[in-house]
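For reference, the chains in residue letters:
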Amino acid sequence: MERIIGIDLGTTNSCVAIMEGGVPVVLSNKGGYKTTPSVVAVSENGKRLVGHIAKRQAVTNATNTVYAAKRLMGRRWGSPSVRTMLETTPFTIVEGPNQDARVKLRDRVYSIPEISSIILQEMRLIAEEYTGEKIEKAVVTVPAYFNDAQRQATKDAGRIAGLDVLRIINEPTAAALAYGFGKNIDRTIAVYDLGGGTFDISILRIADGVFEVLATGGDTFLGGEDFDGRIIMDLLVLEFARAHQIDLRRDAMALQRLRDAAEKAKCELSSARETEINLPFIISTGGSEALHLQQPLSREKLEELTIDLVERTIKICRKTVEDAGEEIDDVLLVGGMTRMPLVQQKVKECFGIEPLRGVHPDEVVALGAGIQAAALLEDTQGVLLLDVTPHSLGIMIHGGLFSVLIPQNTTVPTAKSHIFTTVKENQTQVKIIVMQGQSERAAENELLGEFILTGLRPAPKGAVEVEVTFDINADGIVSVQAKNLDNGQQQAITVTATSGLSDEEMQTMIQENQDYLVDVRSAEEVEKTKLEAQRALMEIERVFPSVRDQLGGFDFGQDAIKKAEGVISRAKSAIEAGDMSAIKSSNEALGRTLNMFKGVLQRIG
Amino acid sequence: MQTLSDKRRGLLQPRPRTGKNDPGLGGRKIVRHPRCIWRYSLSESTTQFLSAWEDRPRRNLDLDVTSMKIDSRAAFVLTRADGLLTIAELCMVTGFGERETLKVVQQLIEMEALIVEEAEGERRMIRVTAERRPRISESQPVAVAAPFEGVDPADAAWLQRKGVAGFIPGTPGRLAGATKYGNFAFDTQALREDVEVTVEFRKDTLFLEAHLGKLDHFELFELEPTVDRKELRRAYFAFSKRFHPDTVFRRNVGSFGKRIETIFKHGTEVYEALVGDGDLREVYCRAVKARNRRWREKLEAQRANREEARRTELKKKAAGRKEALRARLARNSDRRTRQVQNSQMERRLGRAQRFYDEGIAHYENESWTSAFNSLQLAVTYDPKNSDYRAAFEIADEKLREVKAEQRWKRGYIQESLGNIKEALEAYIAAADAWPRSDYYAHIAELFLKYDEDLRQAADLAQKAVDAEPENVDYLQLLGRVYMRAKLKAKAVAVYEQIKKLEPKNADAKKALKALKRM
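Residues numbered from 1 in each chain as written. Chains lettered and ligands numbered in written order. Predicted model: local features only at pLDDT ≥ 70, side-chain atom pairs only at ≥ 80, totals over all residues. Heavy atoms only, no water.

Things to note about the overall build of chain B
Looking only at helices and strands, chain B features 20 helices and four strands. Residue burial in chain B is summarised as follows: out of 518 residues, 36% are buried. Within chain B, contacts between residues separated by at least 24 positions form 64% of all contacts whose residues are at least 6 apart in sequence. For chain B, the accessible surface area stands at approximately 31000 Å², while carbon and sulfur atoms represent 51% of it. (Helix = DSSP H or I, 4+ residues; strand = E, 2+ residues; numbered from the N terminus. Buried < 20%, exposed > 50% of the residue type's maximum accessible area, 1.4 Å probe, protein only. Contact = heavy atoms within 4.5 Å. Areas by Shrake-Rupley, 256 points an atom, 1.4 Å probe, with all protein chains shown as cover.)

Examining the overall build of chain A
Tallying secondary structure elements over chain A gives 13 helices and 28 strands in all. Carbon together with sulfur atoms contributes 49% to the accessible area of chain A, which is approximately 26800 Å² in total.

What to know about the packing of aromatic side chains
Scanning the entire structure with this criterion turns up 17 aromatic pairs over all chains. Consider the rings of Phe-355 of chain B and Tyr-381 of chain B, whose centres lie 5.7 Å apart with planes at 15 degrees: the pair is stacked. Of this pair, Phe-355 of chain B sits in helix 12 (residues 278–364) while Tyr-381 of chain B sits in helix 13 (residues 368–381), placing them 26 residues apart in sequence. The cationic tip of Arg-259 of chain A hangs over the ring face of Tyr-67 of chain A; the distance from NZ or CZ to the ring centre is 3.5 Å. Over the face of the ring belonging to Trp-368 of chain B we find Lys-398 of chain B, whose NZ or CZ atom lies 5.2 Å from the ring centre. (Phe/Tyr/Trp six-rings, centres within 6.5 Å; stacked < 30°, edge-to-face > 60°. Lys NZ or Arg CZ within 6 Å of the ring centre and 35° of its normal.)

Examining the interface of chain B and chain A
Listed by partner, the interface residues are 20 residues for chain B and 29 residues for chain A. Interface of chain B and chain A: buried area, both sides summed, is about 2000 Å²; carbon and sulfur atoms make up 52% of it. On inspection of chain B and its partner chain A, the count reaches five salt bridges. Counting the contacts that link chain B with chain A gives seven residue pairs in polar contact (both at pLDDT 80 or more). Broken down by secondary-structure element, the contributors of at least two residues to the side of chain B that touches chain A are helix 10 (229–243) and helix 11 (256–276) of chain B. (Buried area = accessible area lost by both parts, 1.4 Å probe. Salt bridge = Lys/Arg side-chain N within 4 Å of Asp/Glu carboxyl O. Polar contact = N/O pair within 3.5 Å; in protein donor to acceptor, adjacent residues only side chain to side chain.)

Brief notes about the sheet that holds strand 8 (residues 92–95) of chain A
All names here are of chain A. Pairing in this open sheet of three strands is antiparallel, and the strands run 8-9-10 from one edge to the other. The open sheet is flanked by strand 8 and strand 10 (108–111), the only strands paired with a single partner. On average, each strand axis in the sheet is inclined to that of its neighbour by 40 degrees, with strand direction left out of account. Bridge analysis of strand 9 (residues 101–105) against strand 10 gives four bridges, and the strand direction is antiparallel. Bridge assignment links Lys-104 to a residue of strand 10, and that residue is Val-109. (Pairing = 2+ DSSP bridges. Axes fitted to C-alpha atoms, helices over the stretch in contact; angles between N-to-C directions.)

A look at the pattern of salt bridges
Across all of its chains, the model carries 52 salt bridges over all chains by this definition. The closest approach of N and O atoms between Glu-326 of chain A and Arg-229 of chain B, which form a salt bridge, is 3.4 Å. Taken together, the positions of Glu-326 of chain A in the loop between helix 8 (299–324) and strand 18 (330–334) and Arg-229 of chain B in helix 10 put the pair across two chains. Among the ionic pairs, Arg-286 of chain B bridges to Asp-155 of chain B, the shortest N-O distance being 3.0 Å.

A look at the confidence of the model for chain B
Close reading of the predicted structure is inappropriate where its pLDDT is low. Residue and element names in this part refer to chain B. Averaged over chain B, the pLDDT score is 79; the fraction of residues at 70 or greater is 85%. Per-residue pLDDT stays below 50 along residues 17–30; that stretch engages in 20 contacts with residues further than four places along the chain or on separate chains. Taken as a whole, residues 36–47 scores under 50 in pLDDT and shows 43 contacts with residues more than four places along the chain or in a different chain. For this predicted complex, the interface confidence score (ipTM) comes to 0.77, while the overall pTM stands at 0.64. (pLDDT = per-residue confidence, 0-100.)

Here's the deal with the side chain of Thr-216 of chain A
Residue and element names in this part refer to chain A. As for its position among the elements, Thr-216 is in strand 15 (residues 210–219). Residue classification places Thr-216 among the buried positions, given a relative accessible area of 2%. A polar contact is formed between the side chain of Thr-216 and the backbone oxygen of Ile-201, at a distance of 3.3 Å. Each residue touching Thr-216, except ones within four places of it in the same chain, is listed here: Ala-144, Tyr-145, Ile-201, Ser-202, Thr-320, Val-388, Pro-390, Gln-408 and Asn-409.

Considerations on the packing of helix 12 of chain B against helix 13 of chain B
All names here are of chain B. One can describe the packing of helix 12 onto helix 13 by two numbers: an axis separation of 7 Å at closest approach and a directional angle of 160 degrees. Looking at the two axes, helix 12 sits roughly antiparallel to helix 13. Every pair of crossing elements has a handedness; the one defined by helix 12 and helix 13 is left-handed. Residues Arg-348, Arg-351, Ala-352, Phe-355, Tyr-356, Glu-358, Gly-359, Ile-360, His-362 and Tyr-363 of helix 12 form the contact with helix 13, whose participating residues are Trp-368, Ser-370, Ala-371, Ser-374, Leu-375, Leu-377, Ala-378, Thr-380 and Tyr-381. Taken together, the residues that form the contact of helix 12 with helix 13 break down as eleven nonpolar, five polar and three charged. (Parallel < 35°, antiparallel > 145°, perpendicular 65-115°, else oblique. Left-handed = near helix turned anticlockwise from the far one by under 90°. Nonpolar A, V, L, I, M, F, W, Y, C, P; charged D, E, K, R; others polar.)

Observations concerning the confidence of the model for chain A
Summing up the model confidence of chain A, the mean pLDDT is 87 and the portion of residues at 70 or higher is 95%. Within chain A, no element has a lower average pLDDT than strand 28 (residues 493–495) of chain A, which sits at 59, and none a higher one than strand 4 (residues 35–37) of chain A, at 96.

Comments concerning helix 9 (residues 341–351) of chain A
All names here are of chain A. For helix 9, the full list of buried residues reads Leu-342, Val-343, Lys-346, Val-347, Cys-350 and Phe-351. Down the axis, helix 9 shows its buried residues gathered within 145 degrees of arc, on one side only. In this fold, the buried residues of helix 9 make contact with strand 13 (187–194), strand 14 (199–207), helix 8 and strand 18. Directly beyond the C-terminal end of helix 9, a positive phi value near 75 degrees is found at Gly-352. (Arc of directions from axis to C-beta.)

Some details on the pairing of strand 23 (residues 430–437) of chain A
Residue and element names in this part refer to chain A. Burial analysis of strand 23 places seven of its eight residues in the buried class, which makes it a mostly covered element. Strand direction decides the pairing type here: strand 20 (residues 392–397) and strand 23, joined by four bridges, are antiparallel. The partner of Gly-394 across the bridge, within strand 23, is Met-435.

A look at a positive patch on the surface
All names here are of chain B. On the surface, Lys-499, Lys-504, Lys-509, Lys-513, Lys-516 and Arg-517 cluster together into a patch of positive charge. At four residues, helix 20 (residues 506–517) tops the list of elements feeding residues into the positive patch. Among the structural elements, Lys-499 can be located in helix 19 (residues 488–501). (Patch = residues over 30% accessible without salt bridge, like charges linked within 9 Å, V, L, I, M, F, W, Y side chains within 5 Å. Lys, Arg positive; Asp, Glu negative; His and termini not counted. Charge placed at Lys NZ, Arg CZ, Asp CG, Glu CD.)

So, the environment of Tyr-179 of chain A
Residue and element names in this part refer to chain A. Mapping Tyr-179 onto the fold places it in helix 5 (residues 171–180). A C-alpha to C-alpha distance of 9.1 Å links Tyr-179 and Leu-367, two positions 188 residues apart in sequence. Setting aside chain neighbours within four positions, we find Tyr-179 in contact with Ile-185, Ile-189, Asp-330, Leu-332, Leu-356 and Val-359.

Some remarks on the packing of helix 8 of chain A against helix 9 of chain A
Geometry of a packed helix pair, given as the angle between the helix axes and the separation of the axes. All names here are of chain A. Relative to each other, helix 8 and helix 9 sit at 35 degrees, their axes nearing to 9 Å. As helix 8 runs across helix 9, the sense of the crossing is right-handed. Facing helix 8, whose interface residues are Arg-299, Glu-303, Thr-306, Ile-307, Val-310, Glu-311, Ile-314, Cys-317, Arg-318 and Val-321, helix 9 presents Pro-341, Leu-342, Val-343, Lys-346, Val-347, Cys-350 and Phe-351. When grouped by side-chain class, the residues that make up the contact of helix 8 with helix 9 number eleven nonpolar, one polar and five charged.

Quick word on unusual backbone geometry
For the bond from Val-412 of chain A to Pro-413 of chain A, the omega torsion is 5 degrees, close enough to zero to count as cis. Mapping Pro-413 of chain A onto the fold places it in the loop between strand 21 (401–406) and strand 22 (414–421). The backbone of Glu-112 of chain B sits at a positive phi, close to 65 degrees, despite the residue not being glycine. You can see Glu-112 of chain B is positioned in the loop between helix 4 (97–110) and strand 3 (114–117). You will see that Glu-222 of chain B, though not glycine, has its phi angle at about 55 degrees, which is positive.

Thoughts on the environment of Ser-417 of chain A
All names here are of chain A. Along the chain, Ser-417 turns up in strand 22. Judged by its relative accessible area of 37%, Ser-417 is partly exposed. Linking Ser-417 and Glu-467, residues 50 residues apart in sequence, is a C-alpha distance of 6.5 Å. Here Thr-469 takes part through its side chain, which lies 3.2 Å from a polar atom of the side chain of Ser-417.

Regarding the sheet that holds strand 14 of chain A
All names here are of chain A. Pairing is mixed in the open sheet, where five strands are placed in the order 18-13-14-15-19. Each having just a single partner strand, strand 18 and strand 19 (384–386) make up the two edges of the open sheet. Pairs of neighbouring strands in the sheet enclose a mean axial angle of 25 degrees, with direction left out of account. The pairing of strand 13 with strand 18 spans five bridges and is classified as parallel. Residue Ile-189 lies in a different strand from strand 18, and its bridge partner there is Asp-330.

What about the nonpolar core?
As a rule of thumb, soluble globular proteins bury nonpolar side chains together. Residues and elements named next belong to chain A. The biggest cluster of nonpolar side chains holds 50 residues, and the ones touching the most others in it are Tyr-192, Leu-248, Leu-258, Ile-277, Ile-282, Leu-293 and Phe-351. If one sorts the elements of this core by residue count, helix 8 sits on top with eight residues. Residues in contact with Leu-293, not counting those within four places in the same chain, are Leu-236, Phe-240, Leu-248, Leu-258, Ile-277, Asn-278, Leu-279 and Ile-282. Of all hydrophobic cores here, the second largest spans 47 residues; its members include Val-42, Met-85, Tyr-110 and Ala-138. (Core = buried A, V, L, I, M, F, W, Y, C linked by side-chain atoms within 4.5 Å.)

Structure representation (structure tokens):
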């Protein structure tokens, strides 16, 4: 029976879940943690690091550690989000060949889907460890407000990781699904998801096992990172500059330490009323003097620093509630940032109801993804998600205006047709600029692609009609088909390059990843056998003295001891060399020796 | 992935028929589905055979193809009919199914554009039967109404501006009282496709897909027209659970994937329009109710008309039947009475026969009275029988004769005894029974002799003369009677008569002379 997993690919942390006997279960990684930081690094010896290990060495290896890659996913090089990231991140962001943003680690440039694929790979390995079988299919979550390019990039990341991403689902919807699964509820709920990098608000109607999204809104560049940023920029860096006239931002390591400290302080202030940020030897001046940073931080101060961010989220909430047009019965808080008292208070004020506490804010999204994954592959779940498209889909028309074809919050899958005609005599091709967004002006919206219809017959203007159908599938990904109404044939469409990876790049990346996997796998195996050998050696050395005492007196005892010593020395050298086969044979020998020793001890003692 | 059970798969796969494997199209066997229909209702004629499946039609080369008026399908079939493909193969080669192909083939055969060459060996005949009797709804098709029929024009105009969301077809897609799918012809290829979807669902899908433009929104969701959002939502959710593509995500659904998606997209569009716009909901609900009302009125009117027509027809029929019944009854009663009469008659005839036989027997035995009586009875019972009558008359005569003789004898005896009066009575009775002339004469003489009633004598003598006008004796007797009665003229006449007959009659002469003296 093929297993399928649900992965919450978060900005700061990722989580994986699987259905176990009809109940979704979050899987723990090797370290025993249920969530894994979405951090990728390349160490000095060229090794790829993911998760907790990568995060822990972020301070010392700041320039080659990528965090919050999701904030760059599917974004164009020139967009404001990318520019902000450029200014604040210690790692290098470069422009890619398709006007996308890429990161440079050590001497290699990685595209963002590639970085994310490394994280997805890690989650996949966690699942494979748990189940003991190969996992090839997954459902991955994205913020509800992600646009088409961002979703495509996430799907690409899955493909590079060797996963068949059956469906991309929205995080708030997944959370609602996990909340409502197995319960017979009939309510309208609002899901307030404030995570590490993104904010989403979704209003859903749950009834008869159908989860219908009524409206959704959000901000894909507003999250915990920004709250941290406020602490860093508006408090720590500022205060330190005021005190010592040094801009801490220049030092990558200092920045990284600040980040960690700020995050920690923020989390503490959710329970304590005040805390202190203590960073000794934060930076050294020109001379040998080392400076320390010591900053107290109270909850009030933090709230003062971040109130506008929370206000932004509330504003979006109000608009979305208006779009939904229904009365809200419950509010669900999802995402680590919702632990902050200010956020909870503001949410309560906005909706007028006490938010629900029955869900784990960090794990609920992965659980929902796991449920949907199982629901797609088996009929037995009895749940159905009716999600919506978050952005209006339309085309650019005269005067740089945006004409909406499929409005925001339309249930997907959906399709809409529009008839286009020529504007000039003997025009043989028509260009359609497809965009996604809410603004009336096309320039402010996101360009999905320019579709050029070729091969139209030369005719007077307005004579040739082409019917173009815009289709949004259940993943929220847009596709365009055109039909020439003259002869009813499918019309040829060429798509200009969208931001992201071209097909060849994808292929090479997938291939490389496979190779890397194989290497990683064999390296892991060597590690394992070495460990075994070492453990065995330790045991033997522990009991060796007592055995020597016992056997030393006898002749055959001397032989045995000599043989044992030989085995030990051989094992040691094999471990040093890292020779798999040698280690394996040594292991066997060591095992036999150990048994013999144990036997001797038993007889005597 | 779940797969169909073997049994189900076995049902879907056709059973190959042994011994009929034409090489045909690249070695593929021609098989027929075990459950397929053998009879095709192609024409309105009664059961007849089109041809056999194994026959090979070929084009009639004598006929000028360009002059024939045939549609593209027929033309296509014509091009494919080259005398090498059997009809079965032809059905498979053309894309439009067995039924259609056979229709076209028959049409072409009738037009003599195709000549069918019979195959050797076993031939399975294609049976062509009459069209099945049309159902009531078929036989009385309701006129197709324009969209927005029955809807207030202002509402209709407003709704038309809303496009698909506001569309209301003129007739309800699901007609009241009709079966669930009406007369919808399903695409049998699709129904038999090897996909993991129930047949019931396939039918629903095909029906809805074909009727997306012909159902109003409430019909699509199987809902009564309502403004209630909750109701709409519940119905839409139920609809989604059936037609959302995710519900068949893991299954192999072939062509149905596209169909389901189309239906779902349409349903979603419609639902969102209704739920999002309160005005639209109100107006639409109102309009649909108006249309339904109009529709029902139309149906009622039609039904009433039909009822009227049927009633008048029934009345006519009833009247006709009554007439027929009456006639039949009349005929029956006549027959019965006739029967009864006949039976009575038979009895009478029987009796008559008996009496006749008795009468004859009596006659032969010379029991004249019994014979007379019997034969009289026979004649009474059967007046028409001439034999009886004849016999009776004979018997009657005989009896009278016999009676007369008896009476004369009595008279004679009385005369000899000297009882003149009794004798005369007896003689007169005899004369009455048997009017013999000599009886009359004798009686007349007696009267004369004994100077009795002269008038009676005259009468009797006259009777005798009348009986035998040539008889001179009677005449003389009559004359003497007249002379004694002093009826001169008459006597003269008589004697004259005698004289005529016997000129030498001395009595006559004497009498005449005496008369002249008188």
